[in-house]
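Residues per chain are reported as follows:
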Amino acid sequence: MTLESPHAPRHSFRFGLPPSLGSETARERADRLASFLQRALGKLVEVNVATSYETLAKDLLSGRADAAWAPPFVCARMEAMGVRVVVRGVRRGMSSYRSALVCRAGAGLSVDRLKGTTAVWVDRDSVAGYLLPTAYLKAQGLEPTRAFFAQHFTGSYRGALEAVLEGKADVTSVFCPPSSTGLTYATGVDDVLGAGSGRRFDLIAYTDEAPNDGVPVAMGLPPQLVTSLETTLLGLQATPEGTSLLKDIFNAERFEPAPRMGYRALYRVALASL
């Protein structure tokens, strides 16, 4: 995943990816992103896949990462500490998304029938993979720690969805388009497991919305490099290679400038999930 030679000096630019779509999948595509960014920025580039959302945040704060593709709650935490989020993803023309609670097709589950079942989630800092569905269930009068027989974390959407298919858990959640898209039934299952996989799951409920993932940059990054990175990401959709990176790595159709402190509302969601 690194484009440095064995005897190269310390990296010039280090970009972090989350493990949420599966670390193996991310690692397969990290070289492509590294190569693209190296040409665009004119610097040696290393792309790493973090082992958890918490690690991704710590890498940014410590300077081990210069920038990262980060989920919304990590962006919110970074903003609160003075870190700037330069761009955020756009999907289906929208800059927000929600979570879908799902179960195996034919399981016959509903919010009222979740007591005693087993839930599997992505990560405690995952908005669609934990925070949004947990806050939603509490708003419906269902306390997850008491309602579920057990709750597990897999670190990725793929792992959580596969656990449900394999009968290791009964319910999970996955990112999906917001209601304003007009889609009556849509989840991110096909994006994670492949086209047609969505029919293997039944929808239980949709949650409230949250802003899309974004790219925060380390506080010590030179302004010229920040501007260069922002310009590069905002122009990805202009080339076939960039469009491919948007789809395969960022699950987005393009980037847009992120409004300052645009993730602060997520703290309400996080508190509601506690």
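Residues numbered from 1 in each chain as written. Predicted model: local features only at pLDDT ≥ 70, side-chain atom pairs only at ≥ 80, totals over all residues. Heavy atoms only, no water.

Colleague: What should I look at first to understand the overall build of the chain in this one?
Modeller: Counting its regular elements, the chain contains 10 helices and 11 strands. When burial is assessed residue by residue, the chain has 53% of its 274 residues classed as buried. Sequence-distant contacts in the chain: of pairs separated by 6 or more residues, those separated by 24 or more amount to 78%. Roughly 12,100 Å² of accessible area belongs to the chain as shown, and the carbon and sulfur atoms make up 50% of that amount. (Helix = DSSP H or I, 4+ residues; strand = E, 2+ residues; numbered from the N terminus. Buried < 20%, exposed > 50% of the residue type's maximum accessible area, 1.4 Å probe, protein only. Contact = heavy atoms within 4.5 Å. Areas by Shrake-Rupley, 256 points an atom, 1.4 Å probe, with all protein chains shown as cover.)

Colleague: I'm lost on the environment of Thr55 in this one. Help?
Modeller: If you trace the backbone, Thr55 turns up in helix α2 (residues 53-62). Considered as a pair, Thr55 and Gly16 are 39 residues apart in the sequence and their alpha carbons are 9.8 Å apart.

Colleague: Any chance you could explain the confidence of the model for the chain here in plain terms?
Modeller: Atomic detail in the predicted coordinates should be set aside for any region of low pLDDT. Chain-level statistics for the chain give a pLDDT mean of 88 and a share of 89% at 70 or above. Confidence drops under a pLDDT of 50 for residues 1-10, and excluding neighbours within four residues, the segment shows 25 contacts in the predicted structure. (pLDDT = per-residue confidence, 0-100.)

Colleague: Would you take a moment to explain the pairing of strand β6 (residues 118-121) for this structure?
Modeller: In summary, the side chains of a regular strand alternate between the two faces of the sheet. In β6, alternate side chains face the same way, and those of Thr118 and Val120 on one face and Ala119 and Trp121 on the other are all buried. As paired strands, β6 and strand β7 (residues 150-153) are joined by four bridges and run parallel to one another. For Ala119, the partnering residue across the bridge sits in β7 and is Gln151. (Pairing = 2+ DSSP bridges.)

Colleague: Can you walk me through the pattern of salt bridges in this structure?
Modeller: Once the charged atoms of two side chains with opposite charge are near each other, the side chains can pair. Applying the stated criterion across every chain yields a total of 14 salt bridges. One salt bridge connects Arg39 with Glu241, and the closest N-O pair in it is separated by 2.6 Å. Taken together, the residues span a long stretch of sequence, with Arg39 in helix α1 (residues 23-41) and Glu241 in helix α9 (residues 240-248) at a distance of 202 residues. In this structure, the salt-bridge partner of Arg84 is Glu230, at a minimum N-O distance of 3.5 Å. Within this pair, whereas Arg84 is found in strand β4 (residues 84-90), its partner Glu230 is found in helix α8 (residues 223-234), the two being separated by 146 residues in sequence. Of the residues examined, Arg84 reaches a relative accessible area of 30% and is grouped as partly exposed. Residue classification places Glu230 among the buried residues on the basis of a relative accessible area of 16%. By sharing partners, the salt bridges in this structure join Arg32, Lys247 and Asp248 into a single network. (Salt bridge = Lys/Arg side-chain N within 4 Å of Asp/Glu carboxyl O.)

Colleague: How should unusual backbone geometry be read in this particular structure?
Modeller: The general pattern is negative phi for most residues beyond glycine and trans for most peptide bonds. Here the phi dihedral of Arg92 falls at roughly 55 degrees; this positive angle occurs in a residue that is not glycine. In this fold, Arg92 is placed in the loop between β4 and β5 (96-104). A positive phi angle, near 50 degrees, is found at Asn251, a position not held by glycine. The topology assignment puts Asn251 in the loop between α9 and β11 (254-257).

Colleague: Hey, could you run me through the packing of α2 against helix α3 (residues 72-80) in this one?
Modeller: Packed helices, taken two at a time, are described by the angle between their axes plus the distance between the axes. As a packed pair, α2 and α3 sit with axes 10 Å apart at the nearest point and diverge in direction by 30 degrees. When the interaxial angle is binned, α2 and α3 end up roughly parallel. As α2 packs across α3, the resulting crossing turns out to be right-handed. On α3, the residues touching Tyr53, Ala57, Leu60 and Leu61 of α2 are Val74, Arg77 and Met78. (Axes fitted to C-alpha atoms, helices over the stretch in contact; angles between N-to-C directions. Parallel < 35°, antiparallel > 145°, perpendicular 65-115°, else oblique. Left-handed = near helix turned anticlockwise from the far one by under 90°.)

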